[in-house]
Amino acid sequence: MNKLKVFIILIAGLALILSGCSGFQTNNSGGDEAAVNEDGKTVVDFWTFWGSEIRRPIIEQIITDFNESQDEIEVKHTYLPFGDIWTKELAAIAAGDPPDVVINDINATALRGQKKQAMNLSKFLEEDDISKRFYPELWDATLYEGDSYGIPFNTDTRVLFYNKDAFKEAGLDPEKPPTTWAELEEYAAKLDKKAGSNYDRVGFYPLWGIGYDVWLLNANGQSYFDDQDNFEVDTAKNEEVLNWLKSWKDKYGEDVVNSYQAQIDSQQGHPFFTGDLAMIAQAPTFYTQIRDYAPDLNFGVIELPEYEEGNGNTSWGGGFVAEIPEGSKNSEAAWEFIKYLTDVEAQEYWAVKNFDNVANIEAAEAAAKSDEFTEDGTMVYEKAVENMEHTLLTPVPVIAPDFTSLINPNIDEFLLGSMTAKEALAKSQADVENLIEKNK
Amino acid sequence: MGKKRLTMRRKESIYGYIFVLPWIIGFLAFTAGPLVFSFVASFTNYNITSQMDFVGAENYQGLFTEDSLFWTSLWNTLYFVIFSVPLTTIGAIFLSALLNQDIPGMRVFRTLYYLPAVLSGVGVYMLWMQLLDPGTGMVNLVLSWFGIDGPNWLFDPDWTKPSIIFMKLWSVGGSMLLYLASMQGVSKSLYEAAEIDGANTWKKFFHITIPMITPVIFFDVVTSLIGGFQIFQEAYVMSNNGEGGPANSLLFYNLYMWKQAFTNFNMGYAMAMSWILFVIVFILTIFNLKLAPRWVHYEGEEK
């Protein structure tokens, strides 16, 4: 028995030594020299998840342009699948050998800053303040305690696409799309084409394309958290919004909602392309699908309708930042590359080739005038750029990063009919407050 | 001092150690370290990059007393294990009994039923998401031929877990192969002797086949029990955004642990969760091992 004990202690000791090697320090003092290639250029390892046949050539062109624009830095692109990239990044940071620039989710930038995964960029920004390049809403999302931890790259927003031919057929003016929720309901009712218990055409359903949270944001004009980290979801207005959303579900019925949802998910025969759905809220990049799968569709695009007149057309967006992981040995060179990546030329190129919203204001506005877009493309892109002024981001609060997992299930229960809106909101409010209390 | 010759027994045990050495080295080098580290770190607020302060049993205490999602995820996982393990075991035995007949074309059937075990991963989950679609999916279409109004499967919190168990049943081919192999190994003479004594097919099945394959049943139950507690991918792929919805009905233990570790960066907390799961699975496995001599029959074993 004694032998066994000695053996176990030995193993445990060995294991501790082994685990100590890969410790949790981020600074590997032994390897501080920058990586240099045979030409004497500093090598910057750049990780993205852009591996598709559309995106990869575009980002690689930007990299080539940068490499040719100067002779001190060589950027090397590493593609990692979306599902892996950030866990791999985290492992690389923990191992003390991270890449130099990584594309990451803008909404959790502050959290990564707090956890010292991303490098504090203020020392670079003091020398060259590029913050004015970007939409303020995006820039603010990168801040933790006033310092930026990532530079905005691209973004998106939510707008309403509508079928102009369907409008004409229903006797509506295709140049006067709905601007308020009440109009949305009225128009949808006119656009509905019922056939027995089924529909030949559905006017509109608010939860296809976007979630309940965007509608709450639209109605409130602000997210659940205020500047002081006070959380509020249990309000009379939110109750009304939820009941409004539910009323659509009750109107069309579970079966119609599910079968349309399935068609939307499967991306084959999207009901908006076939004219079976007259309006849908989507990100502007939805246009590229219309362009590719339904080129003859006569459609228009407008900002999300407002809760009531004068309430504001608040919309929701996300995006990605370029960040330097903590422990990067080539941070100076990485910063040079990030500056190039987020400057007008590269951003405009990305915007035009990808039909994607970019974070750089000047580039976005230049892209909207690009002659590479068709008429429809220009229309959508202009609206997308315009819509940025109504667009809010919902960065995850550092105090409760996973709070939505305490709200979503309650809203699910509500939409399924097993909770009232009041109950769902009250429970969400209590659960999230508990979480905040626990994390304090 | 004469050199003492090694006895046969000693020699054999040394050979034995040499044979298991690669595994032991691998275990010590790659598994034992992280294992011990995760145990130590489960008592800290470790977040991988910036902090690792000792917090005592706070993580464990928080899990048990303040975290409702912990209990939800544990319940979801238990539900899955309780139904999926017996059902897949019975399903596999039943299937292999059918495929153990001597009829022409059997090889084709065996191949067909084994195919799902070859196909695996995300592709299969996507396929099942389409099959289980309430409006347009094949499953509800077939049910409708019999006048059954199929459920909403992956959209209804009461049906999400049954959906996944159902999907798992489809791929019992893997363990079927084990049962089939061991059924083929059952000596013909036993059946002949039973036939002479007038046993019918059922009696032969329950009194000869089943007892003879109990070692494989035991193996299958133990491994699928452990595997069942580790269910993750299915929920990650088949719920919207990998969130474990609707209404957290697919928030399995490992999915919640993964979220804590990699989206909230509460690595210490997640490590505490992994140790709780380890203890649960460990106790169940010990229980299984203790129970085994009562029902598992090893041929040639001295009683």
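Residues numbered from 1 in each chain as written. Chains lettered and ligands numbered in written order. Predicted model: local features only at pLDDT ≥ 70, side-chain atom pairs only at ≥ 80, totals over all residues. Heavy atoms only, no water.

Draft legend 1. Broad picture of the overall build of chain B. The helix and strand tally for chain B stands at 13 helices and 0 strands. Helices and strands appear in chain B in the N-to-C order α-α-α-α-α-α-α-α-α-α-α-α-α. Compactness check: chain B gives a C-alpha radius of gyration of 24 Å against a globular reference of 19 Å for 303 residues, more than 25% above the reference. Oriented by its inertia axes, the alpha-carbon framework of chain B measures out at about 90 × 70 × 30 Å. Counting the 303 residues in chain B, one finds 42% classified as buried. (Helix = DSSP H or I, 4+ residues; strand = E, 2+ residues; numbered from the N terminus. Rg over C-alpha atoms; globule rule 2.2 N^0.38 Å. Buried < 20%, exposed > 50% of the residue type's maximum accessible area, 1.4 Å probe, protein only.)

Draft legend 2. A look at the overall build of chain A. When you go through chain A residue by residue, the secondary structure sums to 19 helices and 15 strands. For the C-alpha atoms alone, the extent of chain A along its principal axes is close to 80 × 65 × 40 Å. Every one of the 440 residues in chain A was classed for burial, and the buried ones make up 55%. Residue pairs at least 24 apart in sequence account for 75% of intrachain contacts in chain A once pairs closer than 6 positions are excluded. (Contact = heavy atoms within 4.5 Å.)

Draft legend 3. Local environment of the packing of aromatic side chains. Residue and element names in this part refer to chain A. Summed over the entire model, instances satisfying the criterion amount to 70 aromatic pairs over all chains. Seen in terms of ring centroids, Trp181 and Trp215 are 5.5 Å apart; in terms of plane orientation they differ by 85 degrees. Their pairing is edge-to-face. Taken together, the residues span a long stretch of sequence, with Trp181 in helix 8 (residues 181-191) and Trp215 in helix 9 (residues 212-220) at a distance of 34 residues. Overall, the relative accessible area of 0% leaves Trp215 in the buried class. Chaining the aromatic ring pairs together yields one cluster made of Trp181, Tyr199, Phe204, Tyr205, Trp208, Trp215, Trp244, Trp248, Tyr252, Tyr260 and Tyr307. The residue whose ring lies beneath Lys246 is Phe414, and the NZ or CZ to ring-centre distance is 5.5 Å. (Phe/Tyr/Trp six-rings, centres within 6.5 Å; stacked < 30°, edge-to-face > 60°. Lys NZ or Arg CZ within 6 Å of the ring centre and 35° of its normal.)

Draft legend 4. How the structure looks around a nonpolar patch on the surface. A cluster of nonpolar side chains, Leu6(B), Ile14(B), Tyr15(B), Tyr17(B), Ile18(B), Phe19(B) and Val20(B), forms an exposed patch at the surface whose accessible area comes to about 780 Å². Within the secondary structure layout, Ile14(B) lies in helix 1 (residues 8-41). (Patch = residues over 30% accessible without salt bridge, like charges linked within 9 Å, V, L, I, M, F, W, Y side chains within 5 Å. Areas by Shrake-Rupley, 256 points an atom, 1.4 Å probe, with all protein chains shown as cover. Salt bridge = Lys/Arg side-chain N within 4 Å of Asp/Glu carboxyl O.)

Draft legend 5. Inspection of the domain arrangement of chain A at higher detail. Residues and elements named next belong to chain A. When cut into domains, chain A gives domain 1 (36-156 + 318-388) and domain 2 (159-316 + 399-439). The gap between the C-alpha centroids of domain 1 and domain 2 is 30 Å. Linking domain 1 to domain 2 there are 1 salt bridge. Residue Lys383 pairs with Glu303 through a salt bridge whose shortest N-O separation is 2.9 Å. Among the residues making up the side of domain 1 that touches domain 2, the classes are represented as 5 nonpolar, 4 polar and 4 charged. (Domains from an automatic or database assignment. Nonpolar A, V, L, I, M, F, W, Y, C, P; charged D, E, K, R; others polar.)

Draft legend 6. Up close: the packing of helix 3 (residues 68-98) of chain B against helix 7 (residues 157-170) of chain B. Residue and element names in this part refer to chain B. Closest axis-to-axis distance for the helix 3/helix 7 pair is 10 Å, and the angle between their directions is 30 degrees. It follows that helix 3 is roughly parallel to helix 7 by the angle criterion. Once helix 3 is placed against helix 7, the crossing between them reads as right-handed. Of the residues in helix 7, those in contact with Asn76, Tyr79, Phe80, Phe83, Ser84, Leu87 and Thr88 of helix 3 are Lys161, Pro162, Ile164, Ile165, Lys168 and Leu169. Classifying every residue of the contact of helix 3 with helix 7 gives 8 nonpolar, 3 polar and 2 charged. (Axes fitted to C-alpha atoms, helices over the stretch in contact; angles between N-to-C directions. Parallel < 35°, antiparallel > 145°, perpendicular 65-115°, else oblique. Left-handed = near helix turned anticlockwise from the far one by under 90°.)

Draft legend 7. Broad picture of the side chain of Thr88(B). Residue and element names in this part refer to chain B. Structurally, the position occupied by Thr88 is in helix 3. On the accessibility criterion, Thr88 (14% relative accessible area) is buried. Ignoring sequence-local partners within four residues, the contact set of Thr88 consists of Lys168, Leu169 and Val172.

Draft legend 8. Structural view of unusual backbone geometry. Even without a glycine there, the phi angle at Lys116(A) is positive, about 60 degrees. Here Lys116(A) is to be found in the loop between helix 4 (109-114) and helix 5 (122-127). Phi angles above zero are rare outside glycine, and Trp153(B) is one such case at about 40 degrees. Tracing the chain through its elements places Trp153(B) in the loop between helix 6 (138-145) and helix 7. Assessed through its relative accessible area of 7%, Trp153(B) is described here as buried.

Draft legend 9. Quick peek at the pattern of salt bridges. Residues and elements named next belong to chain A. Scanning the entire structure with this criterion turns up 26 salt bridges over all chains. Note that Asp234 and Lys422 form a salt bridge whose closest N and O atoms lie 3.2 Å from each other. Here Lys422 lies in helix 19 (residues 421-439) and Asp234 lies in the loop between helix 9 and helix 10 (236-252), a separation of 188 residues in the sequence. On the basis of relative accessibility, which here comes to 25%, the residue Asp234 falls in the partly exposed class. Here the residues in one salt-bridge network are Asp128, Glu336 and Lys339, joined through shared partners.

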